[in-house]
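Structural characterization, general
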Amino acid sequence: MTTATVPAPGDPSWWLTEALAAEGPAPARPLSGRVTVDTVIVGGGYTGLWTALALRRQAPQMSVALIDAALCGAGASGKNGGKVSGYWSSLAGMVKTIGPDGALAVARAGAKAQDALRAFAMAQGRDVWWREGGSVSISASPAQDADLAGPVEIARELGVADTVEALTPEAVAQICKSPVFRGGLFFPEGATIQPARLARVLRLAAIEAGVAVYEQTPMIGLDKTSPNRVRTPGGEIIARDVVLATNAALARDPAAAPHVSVFSSYALMTEPAPDRLEDHGWRQDVGATDGRMFIHYFRKTPDGRVLMGTGSGPISFNGDPGAPQLRRDVASAERAARGLRRLLPAFAGVPIAKSWGGPIEVSADRLPFFRTMPGARVHYACGYSGHGVNPSYIGGQCLASLVLDRTDEWTTLPLCTRELPRLPPEPFRYYGGRAVRWGILSCEEAQDKGRAAPLVARAIATLPRLFGLKIGTR
Ligand SMILES: Cc1cc2nc3c(=O)[nH]c(=O)nc-3n(C[C@H](O)[C@H](O)[C@H](O)COP(=O)(O)OP(=O)(O)OC[C@H]3O[C@@H](n4cnc5c(N)ncnc54)[C@H](O)[C@@H]3O)c2cc1C
């Protein structure tokens, strides 16, 4: 069988092209002149849009504007894998960083977010391809087997055994057959969506809820005065409260910078091939990952395509969100294609319609944080760490409560209150991150081939654990 070539990665994502075509004309109105509102939200991805909706619902008297530099959904919200789940699969890691009570509180917030997403997605007139069949984490090499026991044990210890189920290799094959699949874990809480459609439908819901949405309107300056002033090329917005929902762009802000590092994630979308899905016996609507540190994530679409992604894209220096390697790295797109051929070999010859990449802001403990900047009425979200579809709903509720000065179930979550661990400063962060990424990738590529990785790669790959970092550890 000939293997399909991967188109060089580039914007827009396959998802955004599909969503905009389905939506039809939706005039993008840039801001012109001066506007005064109670709250202005900068960034029209999920975080900004959920915040806007929460504010209008909880404080209907409050005027809200939202600006986006490009289009709502042009950022990560319109290009992700569309795998939707909360934090049950992260319990083991969270217990170590925020303790058992904190871990349970965050996982329960994720369950609430999943309910809210389902209700939003299933509302009449919305078609965001919501499919809810759980998610599965599959060991795809002997080295990945070791991580299968921990999540089941932790869930049992915390009294939430029903949130995860161990799968034998035979049970994994019932879901999807592959020559490299071994045992796995099934998480009943898990869905897939068309991510860009979700972003665009959220935009429409925000407009219908009375939010003034301005697209093609970048913030070029923020005066943290009282009230605040957000400057744009065509005008300015005066507002008591500002919400910064600009995702990776925040990684250079002094408030967030010590706590996040910007890596990248890449995905490809195949052409439809329902017969090849049949070859793998893949009929259930599950989202899937393998057990790598730099995971492969994959899911199918209703018309029989497969999206394959890899969280292994390059890092940028000093959190630069515009660095070309975050969106144009051919090697990362090829790694995604190699993942497709290895994990789902029946797809090896299926043409690839598109590939793309984007920044992910990885926090030191791999959890997001929602905060107010000291001495200013400026609130922000950062650190989703490549897992933000469900958590950005939590982010929206937390940010709305911060704007409304509320102490409630959201603002008391560890996502708003924990002491944030710091990462090493630049240039150590960049050069250290590059070295560790190389070490881990070399080890994982060798493990896939059943070989031992070079000693130097193994030594470097263990550094994050030695220094007690959560970045770079499974
Ligand atoms: C390739 C990829 C795959 C992923 N897969 C998954 C997945 O399967 N499941 C999952 O849970 N998570 C996944 N994620 C992560 C998830 O997509 C993000 O965490 C989430 O979308 C973040 O939403 P957001 O609204 O905070 O950011 P964004 O969607 O990035 O929105 C930020 C917005 O801010 C705007 N902006 C930036 N600067 C300015 C400015 N100066 N002025 C005005 N506007 C500005 C941008 O145009 C953008 O629209 C993935 C991410 C990537 C990149």
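Residues numbered from 1 in each chain as written. Predicted model: local features only at pLDDT ≥ 70, side-chain atom pairs only at ≥ 80, totals over all residues.

**Observations concerning the pairing of strand 11 (residues 235-244)**
Across 9 bridges, strand 1 (residues 33-42) lies against strand 11 in parallel orientation. Of the residues in strand 11, the one forming a bridge with Val35 is Ile237. Between the end of strand 10 (residues 228-232) and the start of strand 11, which pair antiparallel, lie 2 residues. With 3 bridges joining them, strand 11 and strand 18 (residues 378-382) adopt parallel strand pairing. Looking at the pairing, Leu244 lines up with Tyr380 of strand 18. (Pairing = 2+ DSSP bridges. Helix = DSSP H or I, 4+ residues; strand = E, 2+ residues; numbered from the N terminus.)

**Examining unusual backbone geometry**
Look at the link from Asp11 to Pro12: it is a cis peptide, with omega at -5 degrees. Inspection of the secondary structure puts Pro12 in the segment before helix 1 (14-23). Here the amide bond leading from Ser226 into Pro227 is cis, since omega sits at 0 degrees, within 30 degrees of zero. In this structure, Pro227 sits in the loop between strand 9 (221-223) and strand 10. Backbone geometry at Ser385 places phi at a positive 60 degrees, although glycine is not the residue there. Following the sequence through the fold, Ser385 ends up in the loop between strand 18 and helix 9 (391-403). Despite not being glycine, Asp405 shows a phi value in the positive range, around 55 degrees. Secondary-structure assignment places Asp405 in the loop between helix 9 and helix 10 (414-417).

**Structural notes on the nonpolar core**
A general feature of soluble globular proteins is that nonpolar side chains tend to end up buried together. Within the largest apolar cluster, 137 residues are counted, with the highest numbers of intra-cluster contacts made by Val40 and Val42. When residues are assigned to domains, this core turns out to be shared by domain 1 (131-191 + 261-361) and domain 2 (428-466), each giving three or more. For Val42, the residues in contact, after removing those within four places along its chain, are Ile67, Met219, Val230, Val242, Val243, Leu244, Ala245 and Thr246. (Core = buried A, V, L, I, M, F, W, Y, C linked by C-beta atoms within 7 Å. Buried ≥ 20, exposed ≤ 12 C-beta atoms within 10 Å, placed from the backbone. Domains from an automatic or database assignment. Contact = placed C-beta atoms within 7 Å.)

**Digging into the domain arrangement of the chain**
Per the domain assignment, the segments making up the chain are domain 1 (131-191 + 261-361) and domain 2 (428-466). Spacing between the C-alpha centres of domain 1 and domain 2 amounts to 20 Å. Listed per partner, the contact involves 11 residues of domain 1 and 10 residues of domain 2.

**Quick word on helix 4 (residues 149-157)**
Every buried residue of helix 4 is listed here: Pro151, Ile154 and Ala155. Angularly, the buried residues of helix 4 cover 100 degrees about the axis, an arc narrow enough to put them on a single face. Check the buried side of helix 4 and you find it contacts helix 3 (91-122) and strand 6 (184-187). Positive backbone phi, approximately 80 degrees, marks Gly159, located one or two places after helix 4. (Arc of directions from axis to C-beta.)

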